[in-house]
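A structural walkthrough
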Amino acid sequence: MDEIINPSKDQDYSERLAAQVRECYSANMGLEAAEIPRPHLVVGGNGSRVALGLPGDATLAIGAHRGVIDYQPEELTLRARAGTPLSELEALLIEHNQSFAAEIPQPCATSTLGGAIASGWDGPSRAFGMALRDSLLGCRLINGRGEIVNFGGQVMKNVAGYDLARLQVGALGTLGAILDVTLRLQPRTEHMASVSFEVPRDELGRWWRRTRELRPLLTGTCYLDGRLHLRISGRAVAVQDLITQLGGDTADFDWASLANLQLPFFCGERLACVHLPRYAQIPVRAGQALIEWEGARVWVRDGDHHALAREAADLGGFVQVLRGPVISVQADAPEWHRALRDALDPQGLFNPVLFRSRFYSSADPSGRLGQGVGH
Amino acid sequence: MTQCEDSSMQAFLAALRSVFPGERLLCGRENTSPFECDALPVYCQEPLAVALAHSEHDVVAAVRLCHEFGVPLVSRGAGTGLSAGAKPLAQGLLLVTAPMNRILDLDPHAMTARVQPGVINQQISTAAAPHGLYYAPDPSSQIACSIGGNVAENAGGVHCLKYGVTVQNVLSARVVSAAAGHVGEVLTLGGDCLSQPGYDLLALVHGSEGGLGVITEVTVKLTPLPEKTHTLMADFDSVRTAADAVSAIVRAGVIPAALEMMDKLAISATEAFCHAGYNLEAAAILLIDLDGHPLEVDAELAVVEQVLSASGAVQVQLATDTLQRARWWKGRKSAFPAIGRLSPDYYCIDGTVPRHRIGEVLEATARFADQYRLRVANVFHAGDGNLHPIIMFDGSEPDALERTEKLAADILEYCISVGGTITGEHGVGIEKINQMAVQFTDAELEQFRAIKRALDPFQLLNPDKQIPTLARCQEYRALRHARG
């Protein structure tokens, strides 16, 4: 560890990080199974996504492992180290008139590429365009044995072996430490415009029927304080034509602040994100909710999280809490979660606390929580 | 039904028969021969028995019985796969989900369809069409392939450049597990929400080639039919210029819905087969679909026409009506059977490379083909960089299959060397299992094996395919080394 880490310079720390994992792996080898606490690693970047579930202070710190590895504009792919700030990558893409194929939120200027993948958080365009998980072409990571392994690739389609790259999206670093990522890009949108309408809450359902007709130019919907904002993007001639047809108010709306959760709305003491099947409606007080994705993602400020969780579950949805009383959600197939974790990280080195709180509740040692229907 | 000779398996077959009565359980070569291979018929095997599943209950029962009796199970849908992934095992059960062919629910409002795994890909689009919707992934075999197989292989198609492959278009799946202590349990992976808690298990099942679970139900996303589509055909006098034009289109900021290429041999085979209207003088043609909002499509048409002429296209035609468009695409989609008429046997490969390396890889393919004295036709998804060299051979010649396999290996390994992959959409199966040892390191392959052991610890589901054993890898690498 004689090299000085300079966090603003492009550096490849793959080997050093892998050595740190191997050290922790060895430290666990001599321990009895029941011995706790065991040495483990908190995998993290620059700590800008704590509300989204990622750790603040990392002991396996990826933030300094940064820099673009390969960018070929005509291939529409970008490969960069996990610690690279998204803001730098975006600036590079703009120079070449390109953008990420998925809309990737950046809670702050230091938010990293690796953190985006680990949190798996999608922006307003998710309901209309490409999901982050689908824009990931490949990733290289350190597994729980300290080995550097590479899955997926830098080509548009790849079905060689299991898709262990996509599996990292939203895994919060519990299935490996992401070293670098290849993402799919797209030509930069020629033109974007916003249009808004005064819409009473009970008429939203009717609007969602209408917005289907606005595809493929519709790339965002946001209902806030009695106004429905639509984002229209595409070739200038088509966007202008549609805006004229729609009428409404053409005032700007800050879609980036919506994506990055920086609108004043998100400042409540309690903040929950309710995921619902498309067109389901959850009862919330006026002024308390921000509705995206044609009703499929509802943000609730200062609500009763337990009541929300019950209502969401009744509708086939679930609640993710960003601030305030935590609701734990056990996904279907807990036994698959545990088995996959053991396969990628046999000693449970990576973010073990997150694994237990977010993916596999050890409160039920039989692993039979919330399993699917048996026959 | 009494021809099953293996006495040690009589109890297993008797138990199966109580679930699969009458002609739903097939034994003996005369009954099982239609199921001996998928659409890569050079690899055939008579199975112990074939069971035709009519319900999720049947699938669960088969998985449980196979576990109880220690019999491996290969699941398959319509059998249109091209990598021998659905090749039966001699001592295994072949479970066919093709009879589970009902569309259970189609919700035009939510734009989803819930279907059984045996539903044919194109039937979903047919059912959705009255609502102005369709199912976007369209493999060339879409009139025959089933959605369960599409998920298992993560199938692509000609319109995947813009609309994504199967995994991008599936919302949830019901899957029968083989995990320890949970064999035969049905899991729901994914769901009706656009985001799900937990790991992305739905993505993991896509492309797992029937090795991690058996799919019993799929909910797919439907897409609004494009308001307008332009189809262009551009002729080129060399393969290289056509390949370079592909990159130029993308560089110009256009992502076509489809961007396909055919070389001279493929053009002549298809033209003879279905009179698509291709130029027989061209060394290569590009078929391009631009779809979407009418004004956007018109703007992109102007860009693409200009790029094509600047890239050296000899002739650029715009389809004048839907009939002409359908004819051009019918030619493309019939390329495999068309080539099948010219050659007693054919073998299609699936390497995928960065777009700007396509020309180079096609030239290398032609060189390799000469070395092995074989003919290769190329018809492929150029926009994705997904090549489909089709090797034509005569299996009755003593060493023809061996030469074909060697040529295929050389082409795939060349694809790896230029930063590509051995398979973009057909899967590894048996066909490409050796090249897995070239594309991946030992640590990576061992990681795959660990995943397999985690979810299928008894090696019940389609064992010994897709992921090579360590011994097989070492053997193949030694062989390559010796060949130099």
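Residues numbered from 1 in each chain as written. Chains lettered and ligands numbered in written order. Predicted model: local features only at pLDDT ≥ 70, side-chain atom pairs only at ≥ 80, totals over all residues. Heavy atoms only, no water.

1. Brief notes about the overall build of chain B
- For chain B, the count of helices and strands is 17 helices and 18 strands.
- Overall, the C-alpha framework of chain B stretches about 70 × 60 × 40 Å when taken along its three principal axes.
- Of the contacts made within chain B by residues no fewer than 6 positions apart, 72% connect residues no fewer than 24 positions apart.
- For chain B, the accessible surface area stands at approximately 16400 Å², while carbon and sulfur atoms represent 53% of it.
- The averaged location of the 55 negative side-chain charges in chain B is 2 Å from the averaged location of its 37 positive side-chain charges. (Helix = DSSP H or I, 4+ residues; strand = E, 2+ residues; numbered from the N terminus. Contact = heavy atoms within 4.5 Å. Areas by Shrake-Rupley, 256 points an atom, 1.4 Å probe, with all protein chains shown as cover. Lys, Arg positive; Asp, Glu negative; His and termini not counted. Charge placed at Lys NZ, Arg CZ, Asp CG, Glu CD.)

2. Quick word on the packing of aromatic side chains
All names here are of chain A.
- On inspection of all chains with the given rule, the structure shows 14 aromatic pairs over all chains.
- Between the aromatic rings of F265 and F266, the centroid separation amounts to 5.6 Å while the plane-to-plane angle is 85 degrees, which identifies the pairing as edge-to-face.
- Classification of F266 as buried rests on a relative accessible area of 3%.
- Three or more aromatic residues joined by ring pairs form one cluster here, namely W121, F265, F266 and W299. (Phe/Tyr/Trp six-rings, centres within 6.5 Å; stacked < 30°, edge-to-face > 60°. Buried < 20%, exposed > 50% of the residue type's maximum accessible area, 1.4 Å probe, protein only.)

3. Side note on the sheet that holds strand β10 (residues 218-224) of chain A
Residues and elements named next belong to chain A.
- Pairing is antiparallel across the open sheet formed by 7 strands, whose spatial order is β9-β11-β10-β13-β14-β12-β15. The open sheet terminates on both sides in strands that have one partner only, identified here as β9 (191-198) and β15 (318-323). If you compare each strand with its neighbour and ignore which way they point, the axes differ by 20 degrees on average.
- Strand direction decides the pairing type here: strand β12 (residues 271-275) and strand β14 (residues 297-301), joined by 5 bridges, are antiparallel. (Pairing = 2+ DSSP bridges. Axes fitted to C-alpha atoms, helices over the stretch in contact; angles between N-to-C directions.)

4. What to know about the interface of chain B and chain A
- With 92 residues of chain B in contact, the opposing surface of chain A contributes 71 residues.
- Three residues, H109, L194 and Y199 of chain B, lead the burial of chain B against chain A; their summed loss comes to 13% of the area buried on that side.
- On the surface where chain B and chain A come into contact, there are 5 salt bridges.
- Across the pair D200 of chain B and R133 of chain A runs a salt bridge, and its minimum N-O distance is 2.8 Å.
- There are 25 residue pairs in polar contact (both at pLDDT 80 or more) connecting chain B and chain A.
- Examining the composition of the side of chain B that touches chain A, we find that 9 residues originate from one element, helix α16 (residues 442-455) of chain B, more than from any other.
- Residue composition of the side of chain B that touches chain A, by class: 42 nonpolar, 34 polar and 16 charged. (Buried area = accessible area lost by both parts, 1.4 Å probe. Salt bridge = Lys/Arg side-chain N within 4 Å of Asp/Glu carboxyl O. Polar contact = N/O pair within 3.5 Å; in protein donor to acceptor, adjacent residues only side chain to side chain. Nonpolar A, V, L, I, M, F, W, Y, C, P; charged D, E, K, R; others polar.)

5. Focus: helix α10 (residues 294-310) of chain B
Residues and elements named next belong to chain B.
- Given a rise of 1.5 Å per residue, 17 residues ought to cover 24 Å, and the 24 Å separating the end C-alpha atoms of α10 matches this to within 8%.
- Along α10, the residues classified as buried are E296, V297, E300, L301, V304, V307 and L308. Take α10 and look down its axis: the buried residues cluster within an arc of 140 degrees, on one side only. Opposite the buried face of α10, by more than 90 degrees, sit the exposed residues Q306 and A310. (Expected span 1.5 Å × (residues − 1). Arc of directions from axis to C-beta.)

6. Overview of the pattern of salt bridges
Residues and elements named next belong to chain B.
- Enumeration over the complete set of coordinates arrives at 41 salt bridges over all chains.
- Linking E402 and K406 is a salt bridge whose minimum nitrogen-to-oxygen distance equals 3.4 Å. Here E402 pairs with K406, and both are found in helix α14 (residues 400-417), just 4 residues apart, close to one helical turn.
- What makes K406 partly exposed here is its relative accessible area of 33%.

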